[in-house]
Each structure stands twice: as structure tokens, then as C-alpha cells.
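Read off the chains here:
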Amino acid sequence: MEKALDLPQANSVPDAHGHFGPFGGMFVPETLMAALRELDEAYALARGDDAFQEELDFLLREYCGRPTPLYFAERWTEELGGARIYLKREDLLHTGAHKINNALGQILLARRLGKKRIIAETGAGQHGVATATVCARFGMDCVIYMGRVDMERQALNVARMRFLGAEVRGVEAGQATLKEAVNEAMRDWVTNVRSTHYILGSALGSHPFPMMVRDFHRVIGLEAREQIMLKEGRLPDLLVACVGGGSNAIGLFHPFLGDEGVRMTGVEAGGDGITRGRHAARFQGGRLGVLQGTKTWLLADDDGQIELTHSVSAGLDYAAVGPEHAWLQERGRVDYTFATDKEALAAFQELAGTEGIIPALETAHAMAHVSKVAGAMKRDRLIIVNCSGRGDKDVAQAARHVFGEELKL
Amino acid sequence: MSRIDSTFSRLAGENRAAFVAYLCAGDPTLEATPELVAALEAAGANIIELGLPFSDPLADGVVNQMAADRALKAGATTAGVLRMIEAIRRRSEIPLVLFTYLNPVYTYGFERFHRDAAAAGADAILALDLPPDEAARNAELARHEGLQQIRLVAPTTPQERLPLVVSGAEGFIYLVSREGVTGVQDALADNIGDQVALVKQHTDVPVCVGFGIHKEEQAAAVARAADGVVVGSALVRLVEKHRAEKDMPKRLHDFAAPLVRAAHEARA
């Protein structure tokens, strides 16, 4: 298999300054510029270093459980009555989501940089858990920033992070969700930049993060490609993934971008429907702007103030989309749509009932889209959907919505 | 000569450092800001920095975050801030610097903002999250006539990067005296003189030092080492504390006056 970090350099984005066409870049305060340059250089060296790639591969295999299966969802396929649906089972990975691919890659980089303290933001808590996990594994200090609202709705993951030795710092500002957690992590980084590495958890923020996070998740698409060739002898017709910042989606999509016949759909959070302040679908009613280090599509008002967002899933509840997704949308290479809270909760139950797999609420947005389109596709068509995370963390929330019950954890 | 340039040249002739005061525009209201600016001018401040409030001020500490939040909740808009600057300009010639994050300016229209802000009477812009690298690479973010470009130098800025950062700098260089977000600090970095000297190897533009200054002895120490002293969070904190009181402008004046005096008399 092709190596995840071994990208063909010609015609590739981003450019040396992190631009994906008109998107991306390094829009950060001067205090961070040197650290970002240092990270960019360290990553360039690491990606060219066989020993780095070998250690990463070893840990992904032995510690995290890669490769993850590409599972044929037979009953769900029958029920929808159309395309053959394959799930890329990132939910089976250690810690329960794709996030650890990136956390592991970045902590190996942090070690090369001689940094002993790690910070991260988290929304759903999956990236926080993945970061706390690799910090425990490598003996590093770990501080996780998380919005107070998210700490409540993802209480299970907060407890996991604490068991793993991380300090979870609640963020009260603004709407107390993912965006505010990123602000607070950036403030910490500006203050402690010499000692600290910031493991950003999505394909977001300033260069080199969108590129680096993508590269560490490319393993998802590379495996899926090889697996579908073995199982079906051909490439898929459609890839589907949910998009908050967009890390699991870019990881699945990227190795297929050159395959013209493979269509791709990213699914944003439609919340209560596309009304201002009640969703997190940046390609529906968003505008171009600059937030948290990158130029991209975001939800802001006429004065450029960032708007409130809403989603039942903490991991998709964010005002900006990763810059490479903005670029893929502009080029027309990837389609972006949305699923509402209601649709995601229905898909959450649908997958549990037909396949015995409880997906994360984020992931359930991707499943909701598959549920909408698979039936209308011919039976010989192939869909791969990224089952990016498992839903244990969401059981209490879903029970409240579906059964009207409060679970006491 | 611009208002900022003539201010520095006059102060240099008097062998005095400039006192640069920061306030968040619109905190507690847009109507109150001109009075607060007048109070600072009466206290002897030489240059006023006005923060354009933004919902996600990631380089600011909690004092300035809350100020921006109050301003936005009280209805501050970009157009409102520009109208307020016009009001200040009708009665004062004090140099005005807009201290801002990029997104409100980008959304308003980068070029249009420069034109309208200059017409309103602003003198310069400091866009915190627009490093010179990006300004150079994005034609739409290039320098525009009307506003001088203030540049930030951080303690983490490597020496080899200094020429890029200071190239094209106008008005003054804002040297951040320590790593971190804005906010009051008791300890001042002890090597400020060295940091200033390093920057001055690459530019003739005056160098002002800020981040955390709130005591007279700090202001005096910085005034001996640099061309100007920036005081921000300490003033914003005072506004926060007394914002409901009628005599707030006087309180701000009385708090700022000894700091200004310490800065102005430090080299005597």
C-alpha cells in the first residue's frame, strides 16, 4: 500500500504557505508564526523519514488496531434496496474513532520537536480522548480545552480523559462549545509556545495543520481503496462522510480525488434546519472569511461576527469548515449537503437496528445521507461511508431525544 | 506628515516616550467611547488604539474578551465604530489606531474599510491575525492608501524574520513584551532594552512596547528603553469596574495621568 505521508508533490495542495487555491493560509498572531514554521519544517523532515513512517505504522497497527475493516452492510443494503453499502469501520479503532490516527502522528512529531506538554481542543470529546491516550502512552503532560456545554453532553468522554491523566479545562465563553475551546487552546499556545505542542484535532486552523491532519488520516482512504479492490474488484461510485472541520472526510476522500468516476459527498450538520443560528452547515448560508488561522467558509453575520451554531452532535457544531473542503467545493470535486438533527437521530437508530452498530451522532449524519440516496441507486453501485466513530458517548443524549429518558451515568 | 509620525517626531525632540492608550471601541457603549478618549487625551496620552470588537478574540486575555463582548452586546458594529471615530475627530487631532482581527475588516471589504476608516479620521490599522506573509501573498489584503500599517513583533519572532516583519511597517512597531495573550502582568520581561535594540537594527520606525503594563515603574522602565509605552488591559479593566458610574471618564483620567507622567518623565 502507498504510504499515507508519501504524497506525490506535483500538482498537490496546499502550496508551501498552506493555500488551497484562495483558501487556507496562516492567519495567526505573530507570536505563533515561528512555532508554525518550525512545525511545518519538522513535519516536512518527518514525512520524508522512513523511520518516522515505520514507527507510526507500527503503532497504528499494534496499538490502534489498523487496518480497520471495510464491512459490507448486508442488511442495511437490503433494507434500502439499492447500492451496496460498505462501512469503513474507524469506530473499531482504539479509543473509538478515527481521531487517534492524527493524535498519534502529531505526538510523534511533538517528541521530535522536544515538546513535553500537549494541549488540544475537543468538541465531542473523541479528539480529547485520543490526545489524552497518546499523552499517557508517551508520558507527556496533557491539557484539554472543552466547552462547558460539550462537557455536559459528552460527560462520558470527560471522565475517560481524566482517567487517562489529562486535565480537562472547561471553557465558559460564548456558546461554550468547540469554537470557544479552540480560542482557549490558541491562547494557551500563544502563552506557552516554547514548551507546548498544540495537537489540533481537525483539518482546520493555520497551515500546516489542515495539511498535516489530512495526511495522518489518509490511511483511511488508502486502506479503503485497497479493500474495495479486493472485495469488489473495482473502485466505489460514491464516498460519504460527515464534515465538521472535515478530518475524517478528507482522510477518506483524498486518496480517491484523482479517480474521476468516484463521486464524493460531505455531510454537514443541518441542526434544526437551515435557519440562522440553528445549524452548522457552512456551505448553506455561510460566507467567506477568516477564523482561527484560516480563510474558509464560515457562519458569520454582516459585520463578520461569528454566528451561533447548533447541532445535536458536538463534533459538527462549529462555525468554520476546513479550507481544503472549501477548495474541493469550489472546484466542484466534492458535493456538500447536510442532514438535520432529526435525520441523524433516525439514522443512528437505523444503523443500530439493522447492523448492530451504534454510530457516533457525528457519523450518523453521514449515515442519514446514505439512507436518503442509496435506495435510488442501482444495485450494482458501490457506496463507502466512513463509520468515523462509535456512539457509546452519545447514548445518554440519544436516549433523551428518542425515548425522552434521562440516563444517569 | 501623518498624525502618528509628527507625534513621534515632536516627542523625540522633547526626549520623551509616547504614551499609547488602548480601549475597546463601544465598551460600555459607542456613545461613551469619545468621552473616554477625551479623558485619556486630557491625561496626556499621545496615541489612542481603539479595538474593533470581535466575537472570537483569540489573542486577547479575559479582560479584553469581556470588553469586546460588552461592546457587541451594546450594539457596536463596524459602521458604528467608524461613525464614532468621526465624532472623536470633530474635536480632537489625537492619532487613532484601529486594533482589529481580520474577519470584521474582511467582511466589511478590506479596501472599503481602509477608505472609510481613513475618511472617518483613523490614522492606522493593526490587524492582529494578518501577518506580513499573508498580506504579501493575497492581493486583496495588500496595503491600501489611507491607513498606516502597524506591525507586531513578538518575543518569539526569530531574528531572521525581523526584516520581513518590519518591512513596510509604518507609524510605529508594536513590540509585544512577552509571550501570551493581552492582560495585566506584574512581571515585565527583563530584556526589553535588548529586544528593542534588536528591532531597531532593522528599522527606523519608532518601537512601542506593550502587553501587561499597569504600574508607574513599569511604564517608566519601558519609556527608558523604547519610543513608546502601550497600556491596554489596565485601562479596560478600569472601564469594566466603573462602567455604571457617571464619573467614569474622570476615573479613567485619574488612573491614566500618573502612568502617562511616569512614561513622559522617565528620561528626565
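What you see is a predicted model, and the numbers here were worked out from it, not measured in a lab.

A. How the structure looks around the sheet that holds strand E7 (residues 167–171) of chain A. All names here are of chain A. Pairing within the open sheet is parallel, and its 4 strands lie in the order E7-E6-E5-E8. On the outer flanks of this sheet lie E7 and strand E8 (196–198), each paired with one strand and no other. Ignoring strand direction, the axes of neighbouring strands in this sheet form an average angle of 25 degrees. Pairing between strand E6 (residues 141–147) and E7: 5 bridges, direction parallel. Bridged to valine 143 within E7 is glutamate 167. Against the sheet, helix H5 (residues 126–138) engages strand E5 (117–122) and E6, with an angle of about 165 degrees to E5.

B. Structural context of the interface of chain B and chain A. On the side of chain A, 37 residues touch chain B, which itself brings 41 residues to the contact. Together chain B and chain A conceal approximately 3,100 Å² of surface at their shared face, both sides included; 52% is due to carbon and sulfur atoms. Counting the contacts that link chain B with chain A gives 4 salt bridges. Between A:Lys295 and B:Glu140 there is a salt bridge; the shortest N-O distance is 2.6 Å. The interface formed by chain B and chain A contains 19 residue pairs in polar contact (both at pLDDT 80 or more). Elements with a contribution of two residues or more to the side of chain B that touches chain A: helix H3 (62–73), helix H5 (102–108), helix H7 (132–137) and strand E6 (151–153) of chain B. With 5 residues, H5(B) is the largest single contributor of residues to the side of chain B that touches chain A. Residues of the side of chain B that touches chain A, tallied by class, amount to 22 nonpolar, 10 polar and 9 charged.

Quick notes on the rules
- Position labels on residues start from 1 in each chain and follow its written sequence.
- By the order in which they are written, chains take letters starting at A while ligands take numbers starting at 1.
- In view of the model being predicted, local features appear only for residues whose pLDDT reaches at least 70, and side-chain atom pairs are presented and counted only at 80 or more, with totals across whole chains, interfaces and linings using the full set of residues.
- Side-chain measures were taken over the full set of non-hydrogen atoms in the model, leaving aside hydrogen atoms and water.
- For two strands to be treated as a pair, DSSP must find no fewer than two bridges joining them.
- Numbering of helices and strands runs from the N terminus, with a helix taken as a DSSP run of H or I at least four residues long and a strand as a DSSP run of E at least two residues long.
- Fitted lines through C-alpha atoms give the axes, limited to the stretch in contact for helices. The angle between two N-to-C directions lies from 0 to 180 degrees.
- Residue contacts follow a heavy-atom distance rule, with two residues in contact if any of their heavy atoms lie within 4.5 Å.
- Buried surface area refers to the total accessible area, computed with a probe of radius 1.4 Å, that the two partners give up upon joining, counted for both partners together.
- The working definition used for a salt bridge is a side-chain nitrogen of Lys or Arg within 4 Å of a carboxyl oxygen of Asp or Glu.
- Counting of polar contacts relies on pairs of N or O atoms within 3.5 Å, with two restrictions inside protein: one atom must be capable of donating a hydrogen and the other of accepting it, and residues adjacent in sequence are counted only when both atoms are side-chain atoms.
- When residues are sorted by character, Ala, Val, Leu, Ile, Met, Phe, Trp, Tyr, Cys and Pro go into the nonpolar class, Asp, Glu, Lys and Arg into the charged class, and all the rest, Gly among them, into the polar class.

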